[in-house]
Structures are given as structure tokens and as C-alpha cells.
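Take a look at the letters that make up each chain.
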Amino acid sequence: MLRVVCLIVFGMVLLGVVACGAPASPASVAPLPSVAPTSAVVPEQSKLGGTFNVAAITDPETLDLHQTSNPVASTIFGWIYDTLVYQDLDTSYKGLLAESWSVSADNKTLTFTLRKGLKFTDGSPFNAEAVKFTFERLKRVGAKSPIFETFKNVTSMDTPDDATFVLNMAEPYAPIFHDMATSYAGILSPSAVKAANDDIGRKAIGTGPYKLKEWQTGQFITLERNADYKQFQAFYANKGAPYIQELRYKVIPEPTTQLAALDAGEIDLLGLRAQDVPKYGGDARFKIYDSYTFGLTYLGFDTARKPFDDAKVRQALSYAVNKDEIVQVVFEGKLAKAQCCPIAESIQGYDPKLKEFELKYDAAKSKQLLDGLGYKAAANGPRASPDGKPFQPVLYTTNSDTHGKIATLLQAQFKAVGVDLQVKQLESGALLAATPKAEHDLYLNGYSWNEPDMFSLFLSCDRVKSSNRVLYCNQDLEKLIKAGRTELDQAKRMQIYVEAQKLTMQEAPWQPLYMPVNKTAVSTKIKDVKQAQSGGLLFHDAYIAK
Amino acid sequence: MTRYIIRRLILAIPVLFGVSLGVFLMLQLVPGDPALVVAGDSASPETIARIRHELGLDQPLPIQYLTFLEHLLHGSLGKSIRSNREVMTEILERFPYTLALALAAVVLSTVFGVAMGIFAAINRGRAADFVTMGIAIIGLSVPTFWIALLLIMLFALTLRWLPVTGASSWQALLMPAVALSLHSAAVKARITRSSMLEVMGQEYIRTARAKGLRERGVILRHALKNALIPISTLIGLQFGSLLGGAFIIETIFGWPGVGRLAVQAIFNRDFPIIQGTVLLIAVAYLLSNLVVDIVYGWLDPRIRYN
């Protein structure tokens, strides 16, 4: 299970790494200390070459852009494919393969003007037909893609000419630009797909800065520099092809072996665990970069089960949770940051003013509320339900080490207010199957979604039988979710999410706990690594010192 | 002998059929829906239902099993739920690595294990016996993953002789093979010792010595050949087991074998891959047992199969 958690964490790091795939850094986030470029006067020619080795905890099962949500695959897609738009450091969306776009008066039609003269790495031209072909394929075969749902809203696509692509939607959909900026929305080469008879799991061809060179299953994936590449992302100084000749993703499943490989110089980048930070922080061969992840871990209450269908019970138990203690004890204060609100502070829509609505740790208040609700404790014993039966809520979580430690700590924190919390750790697949059946009382897990519309995935009525693991359905919140999805004015939209968060914090289906923070060791031989405001690493200007 | 081999191979068919049915039924008991695992959090219930339909998981169980058998009769183990590639392709891509690792581990463990066993047996009761068997007990007791990490620290990080991970060179095979062979070498050493001691107490050994044969000839030609029968059984069983994959060693050294494929498939609820790898393990056991039975006949001419 540790492997699964590491995969998720590592995926988050890499998603940050591939800024061209999924860049994001909301303006509201306190910026992490930026690392200044380490050189300024190295001649362009001498920067060329070298291999940048990165550890991947697993192979992607496929490199078919529309058939996976694997985080390692997503990272690789970011190198191989370019998207129509990208998210700039100021969180606004700008054109990548699209030069510009316009939105119709009813907000239902997007017309993109595409860049001319670009080519896929198989030599075929990039044009509007390729964009249409890609998104039609996504609609046809992309059920496993994270952006499949987005394109259900697309009713038709037109290509009036080679440089114009028109997207018609059934209703306005604000997260469309976010989804189109993720690496899953890269544009495929139609000729390459046809040549592969639609089987592109191992024949990925795009317009991106790198191209697939070799994939040895279970060993490594090598990407090779696309010498013809033109970089349009504003935050890079290098407007041409990347300097680093090859990127190699080495499959190393075991975290201890990954560290050994880093020590031996076999890999140049690795996300660290809390216990490894002191060692590598003091090692001159590496520089440690901090970055936020786009998501948080929460304690959820199964709102479809008694007594957690009562907001007062949820609130009473939320006050018993000491998030700072979790961050200090489980993460040694290094790899997590306590969160007040449902939208993590790394994601657009976070508003520090919402802290006043947080159900902050207050054991006395928790006890008082539980007493008031009739959950009385016997002498020195645990509390019983108002009907006299033992009150022993069961917390379901994954069998990861981290979640195990947090669950144990929560047991102690609940015990301090007289609640006997039971813990059940399940393997991820079993946990996913258990929650829609409402077998749990409490739920400990996280989400990773760089969009305030995460509400529609994790707290909407539509998702009660799938990704809404707390089975929460509130019609007032539902209206706000719908309004947030259809409002294209950013200021108005963010205000909607402030209201949605306020409501969620008061109703307490979740008690947000912490946002994971990545600490990534990068070999100091990799020069000119830049960081986004969120800390995500940007490598297009980077080169390997000879 | 040929008729015997053919009969054994024919008998393997119902065994494999039973294994496939058993695995299929067991997979239905595993909690977790492959469609949910594949779909991820962004999928709506309708999309999950669509994936379930595409994967044929909405069919009744007998139909699902018959579909699997139909594919099998056409020489296919089906397609992976995750990669959409033929299960056979996925397995065959990794099988050479598993075979190389298993062969290397079996050769190393047999050479060292049998040598240690003989050495201990001919020095029975002396210090050399205790030291050798002490080493064997350590080999049995120490966890494989710990040995693997020590090897990495010594040979990859301190001496820098070998790569930490990978499978692109023969050097990369050394540490996983050694780590994997230690436990089985220790078992073989203990069995060789006891088997040798038993044989060396036999009348024909005394006769050989009485004939004036040199001790080396007595041990290697007369004693060892007869002592090898239980060891060959062990080699067969260990080889069959190693062909099913050595997940821990493969994971630690990043070795791209079948074990890692199988375990990853279990996490991903990739049922076709799980079924394929279990069938492979069953075939490996059946074949290695058959080979062991044939070797019996060579080692002991009294054993004949009719």
C-alpha cells in the first residue's frame, strides 16, 4: 500500500514537474521561495545534451492519452503532447497550440485560432482537423480519461479552416480551460493514430518538446528531445527546443532503492519522505525544492448513516481533530500543511478569510457539544449513544503507512473527548468499493484536483454513488456547484466557491486536514531549474552541467 | 518414456482447467470493482457503468468464464484491463527476465548449497560442519529483502561495482540472483547434508571403500548421485516457484519480472493479467515437476515409468 501512496505523492510531484502539462499556481497562494537560475551566461550550444534520469514508481500501463489516468503517464504526456492552452504563473490561461480564442455571447461556443506551421514529430502538420480528430477520439474511447466527463458536454466540433477550431457545448462550462490545459488534453497526430490502427499505447506522437524514443517494459521509458520544438509558454526564457537531450523514467518501485539510486547517481530527481529530508538537505550534491500539491486530505463523515446525517454530530467530532498535531507527529512538520478549508490553499478559490469559519481544534467544545447531544460517558469509560448503545464509530481508510499513523492519532484525539474510534484499513480497491455502499462511519483520504470544481466530483449529489465518499447531498450546495461550473467571470466564480466552502465548513461533511507538501531532491548538476509560484519545477530552461 | 511424458501433458489439461476456474472464482471474492479502480475519481456513475460494460463485467459470471475459455481456445488469454494489450504479450515481455533470474538463482543456490552440504557431511561433527550449517541457518533466517538492501549498500553504493537497479546488463542480474539464491542455497545445504549422511551409511558405500576406491570417487560417484534424488525434487519445486516470479526481489531491484506484473495487476484489479500469471505459474510447476520425474529415472535406473 505504501507503494500506492508513494505513487500518488510521486505523481503529484511529477505533475508539478511537467509544468507544460498541468501548470497552476493560484494567485492566492503564498509563493514559495523561488530559486534563482544558477547561471546566466552559459552559451546555448554548450547547454545541449545529457540525460536527465527520474525514478518512476511504476510503468504507465499505456501511453494512449485517452485510456489512462495514471500519474506517471500524465507526466510523460506533458512532454510528448502540447495542449491548446496552458495556465500561466498568474493562473490565467494562455494559448499554446492555440494563438487566441473567443467565447460566444451565450458562453457555449469557443472558437480557437490555431498557430500555423507547427508539425507533429512524425512530420504531419498540426491543424484544426487534428484537434477535432483528437477530441472526437476522446469522446469515443476515452472513458478512462480524467477529462472524459468534460467532453460529454461538447455537442459538436467544427473546423471552418485549417487554423480555426470551434467547440460547441450544451451549456457553459467554466472548468473547460483547466481541463484543456491538462496533459490529458494533448493533441494527437491523426496520421500516427491511423498508422497504428488506433493502437497508440506505445506509439505516442505529439507536438511536444520530447518524443518517445524507447520503452523497455518494467525498466525505463526514454524520451528524446524534439529539435524542431518551439516553446510558447511565456515564463520560459528558452523559446526553442529543450536543452536536455534525453529524459529517462526509470521504473524503481521500492522507495529505499530509489534513495540508493539517487545516492549512486543513477537518478537525478526524487520526491523525499519526511525522514529523508535531513540527510539530503545537508548533501551538497542535491538541492531541495519545496512544492505544494493540488489537493488535500480530509476526514469525512458518512452523511448517509446515522448519527452522521446530523450536522451537529459531525461538528462536535470535527472540534476534536487537532490538525497541527497530525502535521507535527506524522509529517515531522515538513511534508504537510494544515488546511482550514475544503479548497486547498494551492488551488484557485482558496480564500484565507474563510479561516474564521473553520471548526478549529477545541476539545472542551467537542465534549460540551457531545454532552448536549446526549452522548454521555460512563465513569472513565467511552461515550454511549443517546439510545444507550456503545458509540464506536468506524473510520475507513487506505492501508497506507501514512493513513495508518493519522488514524491512530485520530483515535487518541477522539479518545480525549471520550469517543472510542475504531479503525479499518483497506487496500485502495476494496476501499473504493466499500464507500458507495455506506459501510463506513468516517472516511480518511484525500483528493487531488487542481480546480475549485472539485466540489462537483467529491461533494455533489451526482457522485453519491461514486467519488462522493461521504455521500453528502445538499441542494443549496448543489445550486452553488452548478453556478460555479457555468460562471465564466472569474471574480464572480470565485465568490461562488467562497460561499460553497462556507456552507461546507458549517455543515461539516468534511473536516479538511492537511495539504501534502513535496520536498524534491534534484541533482545540482541540473542547472537553471525554475519554480512556479506553487513550487512546481519547470525544466524547459534547464540544462545538465558538463 | 515418451508415452509417459505425453500422458502427463494430457493430464495437465484438466489441472490447468481447474486452476483457471479456481482463480476466476477467487477473483470474484476479492473486494473491489475493476471498473471503479480504472475509472478514477473523475468518472461519473454512468461512465463507470460504461467501463464495466466495455470490460464485460456486467455479464453473468458463467458467461464471463466461458468468454475467457473461448479466448483461451483461440490461444488468447484476453486483454489487460489497464493497458489494453494482449495478456500473453504482457507476460512474454517479462518472462525472459523471470527465467534469467530463476535460472541464475537456481544455479547459484544449487552449486553453493550442494557444495556446502557435501562439505558439512564429510566433516560431520567437526567444527567445519557446525560453521557450514551455522551459515545455512543464517541464510534461512535472514529476510531476503534485508540481504538485498545490504548487497545494494555494499556493491552499488560503497564499492560502486554494480548498478542499483535495472535489467539492461548481466551485472544487473548479479545482486538479485545472489539475494534470491541465499535462502534456497541454505535449504539445499541442509538437505544435501542429511541426504549424504544417510547414503554414506549404506552398505554399497562401505563396499566401494573396501574395493579401494579413492574417497573422492566414493563421495562424488557413488554417494552424491544417490543423495541427489531429494535435492532434485527440491530444485524442481524451487524453480517452479521462482518462475512464478519473485516479487520482493523484483521490486527491490527494479527487475521487470512476472512477479511485479502479477502484484501490480492485483492492485489494479486487472483480472485477465492475474488469471494469465496464475496459469503461467501452474504450467511452470507442472513442467518442472515433470522434468524432476524424468531426472529421477536418470539418477536411479530402478525408477521406470510405464
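A.B. asks: Describe the overall build of chain B, naming the residues involved and giving the relevant values.
C.D. replies: Of regular secondary structure, chain B possesses 13 helices and zero strands. Taken from the N to the C terminus, the helices and strands of chain B come in the order α-α-α-α-α-α-α-α-α-α-α-α-α. Its C-alpha atoms give chain B principal-axis dimensions of roughly 85 × 55 × 30 Å. Within the span of chain B, comprising 306 residues, buried residues form 42% of the whole.

A.B. asks: Which residues make up the pairing of strand β6 (residues 154–161) of chain A, and what are the values?
C.D. replies: Strand residues, when the strand is regular, have side chains that alternate between the two faces of the sheet. Burial analysis of β6 of chain A places just zero of its eight residues in the buried class, a small minority of the element. Here β6 of chain A hands over to strand β7 (residues 164–169) of chain A after two residues, the two strands then running antiparallel side by side.

A.B. asks: Explain the sheet that holds β6 of chain A to me, and be specific about the residues and the numbers.
C.D. replies: All names here are of chain A. If you trace the four strands from one edge of the open sheet to the other, you get β4-β5-β7-β6, paired in antiparallel fashion. Looking at which strands have only one partner, the edges of the open sheet turn out to be β4 (98–103) and β6. For this sheet, the mean inter-axis angle between neighbouring strands, taken without regard to orientation, is 20°. Bridge count between strand β5 (residues 109–114) and β7: five bridges; the pairing is antiparallel. If you follow Thr109 over to β7, its bridge partner there is Asn168. Those strands touched by helix α4 (residues 128–141) are β5, β6 and β7, and its axis lies near 165° from that of β6.

A.B. asks: Can you explain the pairing of strand β13 (residues 295–301) of chain A? Please cite residues and give values.
C.D. replies: Residue and element names in this part refer to chain A. Summarising burial for β13: seven of the seven residues are buried, a large majority. Here β13 shows two buried faces, one formed by Gly295, Thr297, Leu299 and Phe301 and the other by Leu296, Tyr298 and Gly300. Summarising the sheet, β13 and strand β18 (residues 510–523) pair through four bridges and their orientation is antiparallel. Considered in β18, the bridge of Thr297 is made with Tyr514.

A.B. asks: Give a description of the packing of helix α7 (residues 144–158) of chain B against helix α8 (residues 170–200) of chain B that names residues and reports values.
C.D. replies: Residue and element names in this part refer to chain B. Across the interface, α7 lies against α8 with an axial gap of 9 Å and an inter-helix angle of 145°. Both α7 and α8 take part in a crossing whose hand is right-handed. In contact with Thr144, Ile147, Ala148, Leu151, Ile152 and Phe155 of α7, α8 contributes Met175, Val178, Ala179, Leu180, Leu182 and His183. Partitioned by chemical class, the residues of the contact of α7 with α8 number 10 nonpolar, two polar and no charged.

A.B. asks: Run through the interface of chain A and chain B, naming residues and quoting values.
C.D. replies: Contacts between the two partners involve 38 residues from chain A and, on the opposite side, 43 residues from chain B. For the side of chain A that touches chain B, the class distribution of residues is 15 nonpolar, 13 polar and 10 charged.

A.B. asks: Describe helix α4 (residues 61–73) of chain B, naming the residues involved and giving the relevant values.
C.D. replies: For α4 of chain B, which comprises 13 residues, the first-to-last C-alpha distance of 18 Å matches the rise-based estimate of 18 Å (1.5 Å per residue) to within 8%. Of the residues one or two after α4 of chain B, Gly75 of chain B is the one with positive phi, at around 80°.

A.B. asks: Give me the environment of Gly404 of chain A: which residues, what numbers.
C.D. replies: Residue and element names in this part refer to chain A. Here Gly404 lies in helix α13 (residues 401–415). Look at Gly404 and you get partly exposed, because 18 C-beta atoms sit within 10 Å. Sequence separation of Gly404 and Pro278 is 126 residues, and the distance between their C-alpha atoms is 23 Å. Setting aside chain neighbours within four positions, we find Gly404 in contact with Asn399 and Gln425.

A.B. asks: How would you sum up the packing of helix α5 (residues 87–122) of chain B against helix α6 (residues 127–141) of chain B? Please name residues and give values.
C.D. replies: Residues and elements named next belong to chain B. At their nearest, the axes of α5 and α6 sit 8 Å apart, and the two run at 150° to each other. Relative to α6, the element α5 lies roughly antiparallel. Crossing of α5 against α6: the hand is left-handed. For the pair α5 and α6, the contacting residues are Met116, Phe119 and Ala120 in the first and Ala128, Asp129, Thr132, Met133 and Ala136 in the second. Looking at the contact of α5 with α6 residue by residue, the classes come out as six nonpolar, one polar and one charged.

A.B. asks: Account for unusual backbone geometry, naming residues and giving values.
C.D. replies: Cis geometry marks the peptide bond from Lys306 of chain A to Pro307 of chain A, where omega comes out at 0°. Here Pro307 of chain A is to be found in the loop between β13 and α10 (311–318). Of note in this structure, Ala508 of chain A is not a glycine but carries a positive phi near 55°. For Ala508 of chain A, the location among the structural elements is in the loop between α17 (490–507) and β18. Owing to 24 C-beta atoms within 10 Å, Ala508 of chain A belongs among the buried residues under this scheme. For Arg269 of chain B, which is not glycine, the phi dihedral falls at a positive 55°.

A.B. asks: Provide a residue-level description of α17 of chain A, including the pertinent values.
C.D. replies: All names here are of chain A. Over its 18 residues, α17 runs 26 Å from end to end, which matches the ideal 26 Å to within 8%, given 1.5 Å per residue. Taken together, the buried positions of α17 are occupied by Arg493, Ile496, Tyr497, Ala500, Gln501, Thr504 and Met505. At its buried positions, α17 is contacted by α15 (454–458), α16 (475–486) and β18. Looking one or two places after α17, you find Ala508, whose phi comes out positive at around 55°.

Calculation notes
- Counting of residues starts from 1 at the beginning of each chain's written sequence and follows it residue by residue.
- Working convention: letters from A go to chains and numbers from 1 go to ligands, in the order in which they are written.
- pLDDT decides what is reported in this predicted model: residues at 70 or higher carry local features, side-chain atom pairs at 80 or more are listed and counted, and totals for whole chains, interfaces and linings draw on all residues regardless.
- Note on conventions: DSSP H or I runs of at least 4 residues are helices, E runs of at least 2 residues are strands, and numbering of each starts at the N terminus.
- Burial is judged by counting the other C-beta atoms within 10 Å of a residue's own C-beta: 20 or more makes it buried, 12 or fewer makes it exposed, and any count in between marks it as partly exposed, with every C-beta position built from the backbone.
- When DSSP finds two or more bridges between a pair of strands, those strands are recorded as paired.
- To obtain an axis, a line is fitted to C-alpha atoms, over the contacting stretch when the element is a helix, and the angle between two such axes runs from 0 to 180 degrees between their N-to-C directions.
- Any residue pair is listed as a contact if its two C-beta atoms, each placed from the backbone, are within 7 Å.
- The sense of a crossing depends on the near helix, which, turned anticlockwise from the far helix by less than a right angle, makes the crossing left-handed and, turned clockwise, makes it right-handed.
- Residue polarity follows a fixed list, in which Ala, Val, Leu, Ile, Met, Phe, Trp, Tyr, Cys and Pro are nonpolar, Asp, Glu, Lys and Arg are charged, and the others, Gly among them, are polar.
- The span one expects for a helix is its residue count, reduced by one, times 1.5 Å.
- Any angle that is under 35 degrees is reported as roughly parallel, and any over 145 degrees as roughly antiparallel; angles of 65 to 115 degrees are reported as roughly perpendicular and all others as oblique.

Just distances and angles here, no functional claims.
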